[in-house]
Amino acid sequence: MKPNVLILRAPGTNCDLETAYAFEIAGAATERIHINRVLENPALLRNFQILCFPGGFSYGDDIAAGRVLATKVRSQLLDHVQAFRDAGKLILGICNGFQILIKSGILVADDEKGAPVTLTWNKSGVYTDRWTRLQVKSQKCVFLKGIESMYLPIAHAEGKFMARDEATLDALQAQGRLVLCYEPQDNPNGAMRDVAGVCDQTGRVFGLMPHPERHVDKTQRPNWTRMQDDPDFATRVGDGLQIFKNAVDFFA
């Protein structure tokens, strides 16, 4: 049976359709549901095996990127989302969704000093939209199984991963949780240790700033017309597709 994916949308979300398409071509069944429906009836979560917070600008990022939706999740849904995770299910946050997972405490839990990590303004101080090269640093994360490197687009203003201190980064790295990094010469936002994606202790909750749903087909790559002489071109797929296939295969 196909795993069911809940793609949680809110006012300002604009990557939900692309994310649904990516999961569907990977073999899942999807449903896009507004946050208000889930707030009214959190039991809806029981119908799904994968929960995805897609990219976009939830609530216009009016306070800070992802902050409003993260606050709603933290104050009204946190227990339900944690129960979803503890049931052995998967949670994915892409770009704005990564910001939500971080700022709600789902991905990296708060401690006695508050939030150990955050996502803040790019080093450039401006919104950045381009492609970047990535390296997988750990196989702890379910979504990254078998992947070594990827070429994916980024589109964000607040994607700079920051930790409270080096000791916090050391602890996350020792736990194998700093799973996805920009190539050092291709870091688009100044993230500490070039971090582009983080997983939780279980490896089943994953957030990343790049957009894998925007590179599921080879023709979405900006230089694809120059790759047609490659003998493997006919069978090539977009680099991001494997992330969604790994999620589906987890429930096979």
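For the structure, see preceding data.
Residues numbered from 1 in each chain as written. Predicted model: local features only at pLDDT ≥ 70, side-chain atom pairs only at ≥ 80, totals over all residues. Heavy atoms only, no water.

## Let's talk about the overall build of the protein chain
In terms of regular secondary structure, the protein chain is built from six helices and eleven strands. A globule of 252 residues ought to have a C-alpha radius of gyration of about 18 Å, and the protein chain, at 17 Å, matches this closely. Dimensions of the protein chain along its principal axes, counting C-alpha atoms only, are 55 × 45 × 35 Å. Counting every position in the protein chain, which comprises 252 residues, the buried fraction comes to 56%. (Helix = DSSP H or I, 4+ residues; strand = E, 2+ residues; numbered from the N terminus. Rg over C-alpha atoms; globule rule 2.2 N^0.38 Å. Buried < 20%, exposed > 50% of the residue type's maximum accessible area, 1.4 Å probe, protein only.)

## A short note on the side chain of Arg204
With respect to the helices, strands and loops of the structure, Arg204 is situated in the loop between strand E10 (195-199) and strand E11 (205-208). Asp86 provides the closest opposite charge to the buried, unpaired Arg204, separated from it by 5.6 Å. (Lys, Arg positive; Asp, Glu negative; His and termini not counted. Salt bridge = Lys/Arg side-chain N within 4 Å of Asp/Glu carboxyl O.)

## Considerations on the packing of helix H1 (residues 16-25) against helix H6 (residues 241-249)
At a minimum axis separation of 8 Å, H1 and H6 run at an interaxial angle of 60 degrees. Here H1 lies oblique to H6, going by the angle between them. The hand of the H1/H6 crossing is right-handed. Judged by residue contacts, Thr19, Ala22, Phe23 and Ile25 of H1 engage Leu241, Phe244, Ala247 and Val248 from H6. The residue makeup of the contact of H1 with H6, split by class, is seven nonpolar, one polar and no charged. (Axes fitted to C-alpha atoms, helices over the stretch in contact; angles between N-to-C directions. Parallel < 35°, antiparallel > 145°, perpendicular 65-115°, else oblique. Left-handed = near helix turned anticlockwise from the far one by under 90°. Contact = heavy atoms within 4.5 Å. Nonpolar A, V, L, I, M, F, W, Y, C, P; charged D, E, K, R; others polar.)

## Describing the packing of aromatic side chains
Ring pairs (aromatic) are described by centroid distance and by the angle formed between their planes. Applying the stated rule across the entire model yields six aromatic pairs. Where Trp131 meets Tyr151, the ring centres are 5.2 Å apart and the plane angle is 40 degrees; that geometry is what we call tilted. One end of the pair, Trp131, is in strand E6 (residues 128-136); the other, Tyr151, is in strand E7 (residues 149-156), with 20 residues separating them in the sequence. Taken as a pair, Trp131 and Tyr151 share a single burial class, namely buried. For the pair Trp224 and Phe233, a centre-to-centre distance of 6.3 Å together with 10 degrees between the ring planes defines the contact as stacked. A residue is classified by how much of its surface remains accessible, and Phe233, at 12% relative accessible area, is buried. When the ring centre of Tyr151 is taken as origin, the NZ or CZ atom of Arg133, which lies over that ring, is 4.4 Å away. Against the face of Phe233 rests Lys218, its NZ or CZ located 4.4 Å from the ring centre. (Phe/Tyr/Trp six-rings, centres within 6.5 Å; stacked < 30°, edge-to-face > 60°. Lys NZ or Arg CZ within 6 Å of the ring centre and 35° of its normal.)

## Here's the deal with helix H4 (residues 96-103)
Burial of H4 is extensive: eight of the eight residues sit out of reach of the surface. Looking at H4, one finds that the buried residues are Asn96, Gly97, Phe98, Gln99, Ile100, Leu101, Ile102 and Lys103. Gly105 sits one or two positions beyond H4 and adopts a positive phi of about 85 degrees.

## Details of the nonpolar core
If you look at the biggest cluster of nonpolar residues, it comprises 77 residues, and the most contacted ones within it are Phe23, Leu51, Leu92, Leu144, Phe161, Leu180 and Phe206. When residues in this core are grouped by element, the largest group, seven residues, is from helix H3 (residues 67-86). In contact with Phe23, not counting residues within four places along its chain, are Val5, Ala28, Thr30, Ile50, Cys52, Leu92, Phe244, Ala247 and Val248. (Core = buried A, V, L, I, M, F, W, Y, C linked by side-chain atoms within 4.5 Å.)

The values are spatial; any link to function lies outside them.
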